Amino acid sequence: VTAGLDHGFDAFLAGLDLPLAVVTAGSGDEAAGCLVSFHCQVSIAPPRYLVALSPRNHTAAVAATRRHLAVHTLPAARRDLAERFGGRCSRRDDTFSDVPWRPWRDGTPILADAAGWVVGATRDRHELGDHVAWVLDVVDASAAAAPTVLTTRRLGRLAAAHAP
Ligand SMILES: Cc1cc2nc3c(=O)[nH]c(=O)nc-3n(C[C@H](O)[C@H](O)[C@H](O)COP(=O)(O)O)c2cc1C
């Protein structure tokens, strides 16, 4: 990759203002969660959603053992939740301590303070490069009316728990 391409791509990305999300998987003591900016709707009917997870993240390892994942948007003022899920590894830290959540039907954590959430059943996985795309069939969803969600621009700098 040329220096010029790196610079141009960084500048392009810096110009985007992406909604952040927390992906959760697992249940009980085996729950895991991480912050993501790689996520979007990819089909209307059937309703499908995509999240891209780094194989280095513990959340990806737990998600690989489960049928469902949950994807949550965050209220704009909840930088604390982004720091929590982006800066801790759920293999070694107790990521969920003092974070209110309830189990979905199969135990997947639903964060009580989310702006909105989607539960999806994993349909396909595709290697994209240093991340793996999880294509989800949306099976349940809920959101506050017109929430203002936390985005990359509002978040500013935050170092991830691991490099991708
Ligand atoms: C702003 C920001 C965006 C991130 N986006 C992603 C992403 O799209 N996919 C991903 O796998 N990790 C992403 N991460 C990194 C993980 O959130 C982070 O490494 C997390 O602590 C991993 O936790 P885990 O090991 O418990 O899964 C991002 C981190 C930050 C700070």
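This is a predicted model, so every value here is computed, not measured. (Residues numbered from 1 in each chain as written. Predicted model: local features only at pLDDT ≥ 70, side-chain atom pairs only at ≥ 80, totals over all residues. Heavy atoms only, no water.)

Bringing the packing of aromatic side chains into the picture now. Scanning the entire structure with this criterion turns up 3 aromatic pairs. Both rings, one in Phe-96 and one in Trp-101, keep their centres 6.0 Å apart while their planes meet at 65°; by these two values the pair is edge-to-face. The exposure class assigned to Trp-101 is partly exposed, which follows from its relative accessible area of 32%. Linked through ring pairs, Phe-85, Phe-96 and Trp-101 together constitute an aromatic cluster. (Phe/Tyr/Trp six-rings, centres within 6.5 Å; stacked < 30°, edge-to-face > 60°. Buried < 20%, exposed > 50% of the residue type's maximum accessible area, 1.4 Å probe, protein only.)

Read across the sheet, 7 strands follow the order β2-β1-β5-β8-β9-β4-β3 without closing on themselves; strand pairing throughout is antiparallel. For this open sheet the edge positions go to β2 (32–36) and β3 (39–43), each flanked by a neighbour on one side alone. Strand after strand, the sheet turns through a mean of 35° between neighbouring axes, direction not considered. Relative to strand β9 (residues 132–143), strand β8 (residues 116–127) runs antiparallel, the two being bridged by 11 bridges. The residue of β9 that forms the bridge with His-126 is Ala-133. Across the sheet, helix α3 (residues 79–87) is in contact with β1 (21–25) and β2; its angle to β2 comes to roughly 115°. (Pairing = 2+ DSSP bridges. Helix = DSSP H or I, 4+ residues; strand = E, 2+ residues; numbered from the N terminus. Axes fitted to C-alpha atoms, helices over the stretch in contact; angles between N-to-C directions. Contact = heavy atoms within 4.5 Å.)

Inspection of the secondary structure puts His-131 in the loop between β8 and β9. Dropping the residues within four chain positions of it, His-131 is found in contact with Phe-38, Ala-52, Leu-53, Ser-54, Pro-55, His-126 and Pro-164.

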